[in-house]
Amino acid sequence: MSEHSKVTASHRQRAAIVYVRQSTLLQLERNRESTARQYDLGQRAVALGWSRAQVSVVDEDQGISGASALGRSGFAGLAARVGLGQVGIILALEVSRLARNNADWYRLLDLAAMTDTLVADADGVYHPRRFDDRLVLGMKGTMAEAELHILRARLDGGVRNKAARGELRRGLPVGLVWGEADGEILFHPDEAVVGVIRAVFEHFAACGSARGVWLWLREQGLKWPLQPTGYVNGTEIVWVEPTYHAVHNTLTHPAYAGAYVYGRTRFERRLDTDGTVRTHRRVLPRDQWQVLIEDHHEGFITWEDYLANQEKISANTRPRRHEPGTGAVREGCALLQGLAVCGICGRKLAVFYQGPAKATPGYYCTGSGQLVDGRGTRHLQVGGQAIDAAVAAAFLAALTPAALEACLKAADQLEADHDTALAQYRREVERARYDALRAERRYRAVDPDNRLVARGLEADWEKTLTALAAAEAELARRDRRQPTALTAAERATVLALADDLHPVWTAETTTDKDRKQLLHPARGRHPHRPPRRLRPARRGSHALERRRDQQTGGADPPTAAEDPHRRGHRRPHPPPGGALPGRPDRRDPQPPRSAHRPGIVIHGQ
C-alpha cells in the first residue's frame, strides 16, 4: 500500500507536526546535518498534501534525551494535541526522535490510534490502527529502547574498565592535578595551594575537629583556594574565604590520602508524595565503592591516617539514639557531657543547667519514668557539681608527668601552627609580588600613545601594588606576634606541676571545653549499645535496690547470664518484699547495663 493511499481528506484537514530533537547539546552543535534533515521533513508533509500553513515544527526538546518524557515539554504538548484530535500526521526522522521509552511510545501510539492520527518517518507512513503498521511501529520502538540500553552499557563498560586501572580522568579536588601520563596525579604546581591543604591536615591532627580547623583558618586570616573552571584539566585558582564545607570535604576526600576512588555515590530514583519522579544522589559506605586503589599517587597523608581521621570526624558527630559515641565537646560547664551513663538502663545521660544564671549542671536519663502523686518523674535525675568534682579529683590523681609532657607538645604545636600560617603569608606576598611585576610588564609593553588601553593597565598595576603593600604589612604584623619558645627552665617548671595540678585545672585560663577535651581521651573508649533484651528498669527500682542491699549486705546482684528472662514471656510482678523466691530481681538490670556500657556510670540517689 502506498503512502498516499493511507492519507485521507480527514487527515489533511488537521495539522501536520514535525518533531525535531537531538539528545544532547553537543549533538546539536556538531550533528548539524541531522538537524537540517529533521527540519526538511516539512517539505515531505507538503508533498503528502498538507499546505505550508498547516505544517508546524516542535523543537522545544532540543538537547534533551528521549529516555523519558520527564522535562520534554514539546513531546507533552504534542501528545496533548494528538489526544484532542488536532493532529493529522506526526513526522520524525526516526521513531527514536519521538521516544526511546516504550511506556511513552505506546502511550502516544494509543492516542494516535484513537484519534486517527498517522505516524511517518524516513521509511514510510504508518497508521496505528492497522495491525501490520502497529506491529512495525512497536518493533521500532522496542529497538530504539534496546539501542539506548546497548549504547549505555557499552559506554559504562569502557568507563568502568578504565576506572579499574585508575586511569579514568575525573574531577580532582583542589590541590591535585592530572599529569601527562595515564592515571598520573600530581600536586598542584602552586606552592601556596599545596601549603594550605597541608596546613589543614596538620592542624586537624592536633585539634581533631573539622570545625576547629575551619575556625583556625578564619582566626589566622588565611584564604582558601577555589578552582572555579577547568575542574579536570585546569589549574586556575581563585582565593576566597574558607568555609566549613570546603574544610570538611578536604578532610573526607580519599584522593588526598593517595587513593583513586570511583563510584562513591549512586543515583537513585524515587517518587515524591505528589507522584513526581526525583533523582537522588546517595553517598555509599566505603565497602560499596566500585573502585578503590590505595597508594595510587602521592598524597598529603597516608591511608591509615585517612581512616583514623574519618573515625575522629564520626566520633565528633552527635550520635543517634542508642548509638555509640560521645560527640564533640561543648562549651558548657557539665564535665561529663557525652560520657555519663545511666546505671539503671544504660542510656547516655543528657545535660541540664539550673540556677539563676543557668550555671549549675545536672544530669538526667531520657528513659521511661514513673508517676508520683500524678506528676511524671524521671527514674534518674541528679545534680552535677558533686559528681564533676569527684571525677575531676580522680582524673587529676591519675595523671602522670607523661601527661604534662603532652602540654609541652601542645606548646610546640602552637608554635608550629604559627609557623605554618606565617609560611602561607610569605607565599601570599610572593604571589602578590608576581602579580605586580606582571601588571608592570603589561603596562610598559603597551604603546604610550594608546591612552585608552594604557589607562586601564595603569589602574591594574596600581591595584596590584596596593595588594602587595597590604600583604607585606600583614606578614610583618604576624611576624611580630610570633609566640616565644619555652626555655629549658620554663619546661622544667611545667613538668614540676605534676605534684599539684589543681591550680592548673581551676585556672581562669583553662576553659570548660579544655577540661572536657582532656577528660574525653582519658576515658579510653566510647559507650556501646546494650543488648536489646535488657530493657529499662521499671518504677520502684531504687527502693528495691535499697531493700536488696539491706537484705544482702550490699552483695553484688545477679549478672545478665543468671537472668532467665526471655523475650516474649510476660514478667510476673515481684512481691512487696523484693524479688520472687528463688529468682533474681530482674527489674534491676543495673550491673548488666553498666557491664555493657563501659564509662562513667551514675546510679540513682
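Definitions and cut-offs
- Residues numbered from 1 in each chain as written.
- Predicted model: local features only at pLDDT ≥ 70, side-chain atom pairs only at ≥ 80, totals over all residues.
- Heavy atoms only, no water.
- Helix = DSSP H or I, 4+ residues; strand = E, 2+ residues; numbered from the N terminus.
- Contact = heavy atoms within 4.5 Å.
- Areas by Shrake-Rupley, 256 points an atom, 1.4 Å probe, with all protein chains shown as cover.
- Pairing = 2+ DSSP bridges.
- Axes fitted to C-alpha atoms, helices over the stretch in contact; angles between N-to-C directions.
- Salt bridge = Lys/Arg side-chain N within 4 Å of Asp/Glu carboxyl O.
- Buried < 20%, exposed > 50% of the residue type's maximum accessible area, 1.4 Å probe, protein only.
- Arc of directions from axis to C-beta.
- Core = buried A, V, L, I, M, F, W, Y, C linked by side-chain atoms within 4.5 Å.
- Phe/Tyr/Trp six-rings, centres within 6.5 Å; stacked < 30°, edge-to-face > 60°.
- Lys NZ or Arg CZ within 6 Å of the ring centre and 35° of its normal.
- Parallel < 35°, antiparallel > 145°, perpendicular 65-115°, else oblique.
- Left-handed = near helix turned anticlockwise from the far one by under 90°.
- Nonpolar A, V, L, I, M, F, W, Y, C, P; charged D, E, K, R; others polar.
- Polar contact = N/O pair within 3.5 Å; in protein donor to acceptor, adjacent residues only side chain to side chain.

## A word on the overall build of the protein
Check the secondary structure of the protein and you find 21 helices and 20 strands. Long-range pairs, those at least 24 residues apart, make up 65% of the contacts in the protein between residues at least 6 apart in sequence. Surface exposure of the protein reaches about 34,500 Å², of which carbon and sulfur atoms provide 53%.

## As for the sheet that holds strand β3 (residues 87-91)
Hydrogen bonds between backbone groups are what pair the strands of a sheet, and the pairing can be parallel or antiparallel. Here five strands make up an open sheet; going across it, the order is β2-β1-β3-β4-β5 and the pairing mixed. A single partner strand is all that each edge strand has here, and the edge strands are β2 (55-58) and β5 (125-126). Relative to strand β4 (residues 118-120), β3 is paired through three bridges, and the arrangement is parallel. If you follow Ile 90 over to β4, its bridge partner there is Val 119. Its contacts with the sheet put helix α6 (residues 73-83) on β1 (15-19), β2 and β3, and the angle it makes with β1 is roughly 155 degrees.

## Some words on the pattern of salt bridges
Opposite charge on two side chains allows them to pair when their charged atoms are near. Under the criterion given, the structure shown has 18 salt bridges. With a shortest N-O distance of 2.7 Å, Asp 110 and Arg 134 are connected by a salt bridge. One end of the pair, Asp 110, is in helix α8 (residues 102-114); the other, Arg 134, is in helix α9 (residues 131-164), with 24 residues separating them in the sequence. On the accessibility criterion, Asp 110 (37% relative accessible area) is partly exposed. With a relative accessible area of 23%, Arg 134 lands in the partly exposed category.

## Considering helix α11 (residues 210-220)
If you check which residues of α11 are buried, you get Ala 210, Val 213, Trp 214, Trp 216, Leu 217 and Gln 220. Summarising the axial view, the buried residues of α11 lie within an arc of 160 degrees, below the 170-degree limit, and thus occupy one face. Facing away from the buried side of α11 by over 90 degrees, the exposed positions are Arg 218 and Glu 219.

## A look at the nonpolar core
Buried together is how nonpolar side chains tend to be arranged in soluble globular proteins. Grouped together as the largest cluster of nonpolar side chains are 52 residues, with contacts concentrated most on Ile 197, Leu 217, Trp 224, Val 247 and Leu 251. Where this core is concerned, the elements lending two or more residues are β6 (176-178), α10 (191-207), α11, α12 (244-252), β10 (260-262), α13 (303-316), α15 (401-445) and α16 (451-480). The biggest single contributor to this core is α10, with nine residues. Ignoring sequence-local partners within four residues, the contact set of Leu 217 consists of Val 196, Val 200, Leu 222, Trp 224, Pro 242 and Val 247. Judged by nonpolar contacts, the second largest core, of 21 residues, contains Ile 90, Ala 92, Val 119 and Tyr 126.

## Some thoughts on the packing of aromatic side chains
Within this structure, the stated rule accounts for nine aromatic pairs. Among the aromatic residues, those joined into a ring-pair cluster are Phe 187, Phe 201, Tyr 256 and Phe 300. Over the ring of Phe 75 we find Arg 72; its NZ or CZ atom is 4.4 Å from the centre of that ring.

## A short note on the packing of α10 against α13
At a closest axis distance of 11 Å, the pairing of α10 and α13 adopts a crossing angle of 60 degrees. Judged on the interaxial angle alone, α13 and α10 are oblique. The element α10 and its partner α13 pack so that their crossing is left-handed. In contact with Phe 201, Phe 204 and Ala 205 of α10, α13 contributes Asn 309, Lys 312 and Ile 313. Residue classes in the contact of α10 with α13 are distributed as four nonpolar, one polar and one charged.

## Focus on the sheet that holds strand β16 (residues 360-364)
Taken together, three strands build an open sheet; the order of strands is β15-β16-β19 and the sheet is antiparallel. The open sheet has two edge strands, β15 (350-354) and β19 (381-383), and neither has a second partner. Along the sheet, successive strands turn relative to each other by an average axial angle of 30 degrees, direction set aside. Bridging between β16 and β19 involves three bridges; their strand directions are antiparallel. When the sheet's bridge partners are listed, Gly 362 is paired in β19 with Gly 383.

## Digging into the side chain of Asp 121
Residue placement: Asp 121 occurs in the loop between β4 and β5. A relative accessible area of 4% places Asp 121 in the buried class. A polar contact is formed between the side chain of Asp 121 and the side chain of Lys 140, at a distance of 2.7 Å. Every residue in contact with Asp 121, bar those within four places of it in the chain, is listed here: Arg 44, Ala 92, Leu 93, Glu 94, Val 95, Tyr 126 and Lys 140.

## Focus on the environment of Val 283
Within the secondary structure layout, Val 283 lies in strand β12 (residues 277-283). In the structure, Val 283 is positioned 18 residues away from Thr 265 in sequence and 4.5 Å away in space, judged by C-alpha atoms. In contact with Val 283, other than residues within four places in its own chain, are Arg 264 and Thr 265.

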